[in-house]
Amino acid sequence: MPRDITTEQIFDHYSNFYEKHFANRRFNHADILPLVNSLKSNKNFAVSLLGRSVEDREIFSIKWGEGKTKVLLWSQMHGDEPTATMAIFDLINFLNADDEFNDLRETLNKELSIYFIPMLNPDGAERVIRENAIGIDLNRDAQKLAAPESRILKSIVDELKPEYGFNLHDQDIRWSAGGGSNPATIALLSPQFDDECTLNEVRENAIKVIADIYTLLEKYIPGSIAKYGEEYEPRSFGDSITEWGTSVILIESGKRRNDPEKEFIRKLNFASLIEAFKSIAAGSKNESALKIYKEIPNNGKLLYDLILRNLNYNYAGSTYNIDVAVNIEEYFDSHKKNRYFRGKIESIGDLESAYGYDEIDCTGMNIYPGKIFINGSSQIGSNELRELLNNGYTHIEDINSKNHTYTKLPLNIIKNKAKFENEIRVNRYANFFAADSKVNYTIVNGFVYDCNSKTGVIKNGLVF
Ligand SMILES: [Zn+2]
């Protein structure tokens, strides 16, 4: 094993391997096809058609390496979890390159046979949903094998009997690492094959690799690595494939602040997998692996996207001191390419023990429902829009608006004010402002506009 090449060095040269084909996370099967097809004529790789999805999309495996230890990786069995698919193509670029890391490639090639299955659920990816085209969660189908995509995964596991398996997902972006304010940017797990979480050699081998991945990741995201929930679920593939004798490593991509497209998390996936390949090729000897594994904090509790603290809320003649938590969910329009957001009030009251990705101390401020600007047209200039935000307006009435679901304006549009009521309540859209002698923050669809610094990006308003 060439000791002189570290994963950190490769990490630092990541831009050489970054697959530029993915401009963002919203790609589909048609986007990966040219990449897979280009590998068919590449002598370093062997591409096999494993089968087809419910809607007849091709599912491939891409093999690299001639070693005796077989490693199988599958990504995007949940269609709306694409981060690792991008990292797989970065990895393929790395394996295919010819540079100062050739010694490592030679070792990996000699020791390992690596099989990638990128995008196991192409129909789900097309719809940006978790399940397949007929609504089956493939990760609850390992026993019944009702879906063709599940049968494809089962067949290749049966055929290869790989020593190692990598189950690659995206997890809820609001999990915290250990329950504090740090998000769980990456969560790891050796899935269990019984309720007792029994350790056998198969799991111990997975844990050795996880310990090496964890040690690497601690350098880049200290305090933001978690252990995924340890609950036995025989219908899930991770648990079942472990039971069938493969050392499975679950890698879940979560969230990192200021990384909305998960580009850094994609890079962490890339580096984690290189570290894992090195570890496996070298025989995974980490003596303190179990200790390290046990010390990884659990996915703790859910963070909120935004918490505003210590607001005074006037209601029916009395004043109440409240915290307000807001979450913003991502949606896609009918073309599945355009993204928009809906921000709702998730909780009102004492949120002392909760954390937000963003938090604002509103001590001394009152909270009010956002105001509605009666205008008749949403065709107004940017200065006027800013003036409205500075004065606590969150909606504009436009009876002729052609927009349906959402608007690129930094305000919501109301088509008929008579039918509309803006209230500060749980599960309602987050449209309000916080003011003392003047308006300080205007929240539109969950996005914060800071009226004092005149900053804040309101990605879209909604149309009512
Ligand atoms: Zn998943």
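On a predicted model such as this, the values are computed, not experimentally measured, just so you know.

Brief notes about the coordination of the zinc ion
Phase 1: Around the zinc ion, the protein supplies H78 (ND1), E81 (OE), E81 (OE) and H169 (ND1) as donor atoms, at distances of 2.0 to 2.6 Å.
Phase 2: Viewed at the metal, the four donor atoms of the zinc ion are separated by angles of 55 to 150°, and the geometry they form is irregular.
Phase 3: Donor residues binding the zinc ion come from one chain and are separated in sequence as H-x2-E-x87-H. You can see E81 sitting in the loop between β3 (69-75) and α3 (83-96) and its partner H169 sitting in strand β5 (residues 164-170), a full 88 residues away along the chain.
Phase 4: Residue H169 is classed as buried on the basis of its relative accessible area, which comes to 2%.

Focus: the side chain of S240
Phase 1: Residue position: S240 is located in helix α8 (residues 237-243).
Phase 2: Within the structure, the side chain of S240 is placed 2.7 Å from the backbone oxygen of P234, a separation counted as a polar contact.
Phase 3: S240 has contacts with A142, Q143 and P234, leaving out every residue within four places of it along the chain.

Digging into the domain arrangement of the protein chain
Phase 1: Each assigned domain of the protein chain is listed here: domain 1 (7-302) and domain 2 (304-462).
Phase 2: The centre of domain 1, based on its C-alpha atoms, is set 38 Å off from the matching centre of domain 2.
Phase 3: With 20 residues of domain 1 at the interface, the matching set in domain 2 holds 14 residues.
Phase 4: For R174, the salt bridge identified is with E329, shortest N-O distance 3.2 Å.
Phase 5: There are nine residue pairs in polar contact (both at pLDDT 80 or more) connecting domain 1 and domain 2.
Phase 6: Counting residues per element, the ones that place at least two in the side of domain 1 that touches domain 2 are α5 (122-127) and β10 (299-302).
Phase 7: Among the residues forming the side of domain 1 that touches domain 2, the class breakdown is six nonpolar, four polar and ten charged.

Procedures and definitions
Residues numbered from 1 in each chain as written. Predicted model: local features only at pLDDT ≥ 70, side-chain atom pairs only at ≥ 80, totals over all residues. Heavy atoms only, no water. Donors = N, O, S within 2.8 Å, 3.2 Å for Na, K, Ca; no water. Tetrahedral: all angles 85-135°; square planar, octahedral: opposite > 155°, others 65-115°. Helix = DSSP H or I, 4+ residues; strand = E, 2+ residues; numbered from the N terminus. Buried < 20%, exposed > 50% of the residue type's maximum accessible area, 1.4 Å probe, protein only. Polar contact = N/O pair within 3.5 Å; in protein donor to acceptor, adjacent residues only side chain to side chain. Contact = heavy atoms within 4.5 Å. Domains from an automatic or database assignment. Salt bridge = Lys/Arg side-chain N within 4 Å of Asp/Glu carboxyl O. Nonpolar A, V, L, I, M, F, W, Y, C, P; charged D, E, K, R; others polar.

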